[in-house]
Amino acid sequence: MRDHDLSAPERRTRGKRRFDDDEQLFLKRGRPAEPAPADPDAEPDPDTGERWSSWDDAVHGPEPHPDWLVTDLAAKDTELGVLKTGKEADVHLVRRAVPGTDRSCLLAVKRYRDPQHRLFHRDAGYLEGRRVRRSRENRAMAGRTAFGRQMIAGQWAAAEFAALGRLWEFGARYGSISVPYPVQLRGTELMLEFLGDQEEGLAAPRLAQLRPEPGQLRELWGQLVDALVVLARAGLAHGDLSPYNLLVHAGRLVLIDLPQVVDVVANPQGPEFLARDVRVVAAWFAARGLPGADADPGALTASLLREAGIR
């Protein structure tokens, strides 16, 4: 297990820095030099499927922005299809390009369903330990009113965006955890780096789709353990980890689908979520031939809880 010497502000302390109350440093709006050329909420062109980029009207991911990312206000977003459908959200493929130039990039756009069609079937346990400032919002969320469901959807999107931002910065610093770059957040729409074939628009495979050779299996398990250590030292657990929300891209294991990220300190069920994450992925690796001594879920869970400061 590799060591990652996180600085003091990045270490979780019991009872502090609860996720939704503390705005991350990168959660700030850009300051464009000129207004956006058109309303990004306008209906797309019926002939081309294009609409103006919503970059100017969104919360942006960590700086410096990657070189591949198109941030020009003159860019247009074109819908290319659906990458994945789910109970809570659908993921679409979008190309953002500047007309008349060769500047473009592919984005994965996660759109949470509206309150009438959304099913957050386990949200109570995941949301425990998160706070909003006003009691009206807390009551609405607890009562699952229409307003409360909208609040929950906003929390899911904001929590995933904030978690991805923190973990992206950790990965850039330590190289031991990989997540898609969080491009922008706009309401309950989250735009992410697309991981896959840029020419064909084919997404990177999920771990569950692969049958790794023994050497690759051991390498991927080592990458996963390193990623879980970084999460634990940040006081977090994925909360729904499985081979279906791990991608393998260019030989790297990439964590995706983090709306339910759990604060293992503030959430009373945090250690249980972490233990379940470990059991699920350890069982998959063991079933593919990784020796049981290497994929011992009990030992790994105990080690991760120590990393999180929970004895």
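Parameters at a glance
Residues numbered from 1 in each chain as written. Predicted model: local features only at pLDDT ≥ 70, side-chain atom pairs only at ≥ 80, totals over all residues. Heavy atoms only, no water. Salt bridge = Lys/Arg side-chain N within 4 Å of Asp/Glu carboxyl O. Helix = DSSP H or I, 4+ residues; strand = E, 2+ residues; numbered from the N terminus. Buried < 20%, exposed > 50% of the residue type's maximum accessible area, 1.4 Å probe, protein only. Contact = heavy atoms within 4.5 Å. Polar contact = N/O pair within 3.5 Å; in protein donor to acceptor, adjacent residues only side chain to side chain. Phe/Tyr/Trp six-rings, centres within 6.5 Å; stacked < 30°, edge-to-face > 60°. Lys NZ or Arg CZ within 6 Å of the ring centre and 35° of its normal.

Go over the pattern of salt bridges, please, and point to the residues and values.
If you walk through the whole model with that rule in mind, you get 11 salt bridges. With a closest N to O distance of 3.4 Å, Asp 72 and Arg 103 form a salt bridge. Taken together, the positions of Asp 72 in the loop between β2 (59-60) and β3 (76-85) and Arg 103 in the loop between β4 (89-97) and β5 (104-112) put the pair 31 residues apart, joining distant regions of the chain. In this structure, Asp 77 engages Arg 96 in a salt bridge whose closest nitrogen and oxygen atoms are separated by 2.8 Å. A residue pair is termed long-range when its members are at least 10 positions apart, and Asp 77 in strand β3 and Arg 96 in strand β4 qualify at 19 residues. Both residues of the pair, Asp 77 and Arg 96, count as buried.

Give me the lowdown on helix α6 (residues 297-307), citing residues and values where you can.
The α-helix winds at 3.6 residues per turn, so residues separated by three or four positions along the chain end up facing the same way. Within the sequence span of α6, burial applies to Leu 300, Thr 301, Ser 303, Leu 304 and Leu 305. Close packing links the buried residues of α6 with α4 (214-233) and α5 (270-287). At the N-terminal end of α6, a side-chain oxygen is found 3.1 Å from the backbone nitrogen of Gly 298, two or three residues along, and the residue is Asp 296. Among the residues trailing α6, Gly 309 stands out with phi positive, at a value near 85°.

Talk me through the packing of aromatic side chains; I want residue IDs and the actual numbers.
Throughout the structure, instances matching the rule amount to 5 aromatic pairs. Ring centres 4.9 Å apart and planes at 70° place the aromatic pair Trp 168 and Tyr 181 in the edge-to-face group. Residue Trp 168 is found in helix α3 (residues 146-174), and its partner Tyr 181 is found in the loop between α3 and β6 (182-186); the two are separated by 13 residues along the sequence. Three or more aromatic residues joined by ring pairs make a cluster, and in this case those are Trp 68, Trp 168 and Tyr 181. Against the face of Trp 52 rests Lys 76, its NZ or CZ located 4.8 Å from the ring centre.

Any chance you could break down unusual backbone geometry for me, citing the residues and the numbers?
The residue after Glu 63, namely Pro 64, is reached through a cis peptide bond having omega -5°. Of note, Pro 64 is situated in the loop between β2 and β3. Backbone geometry at Ala 250 places phi at a positive 55°, although glycine is not the residue there. By relative accessible area, which is 73% here, Ala 250 ends up exposed. With phi around 60°, Asp 257 is a residue other than glycine that occupies positive phi space. Inspection of the secondary structure puts Asp 257 in the loop between β12 (252-255) and β13 (262-263). Residue classification places Asp 257 among the buried residues on the basis of a relative accessible area of 17%.

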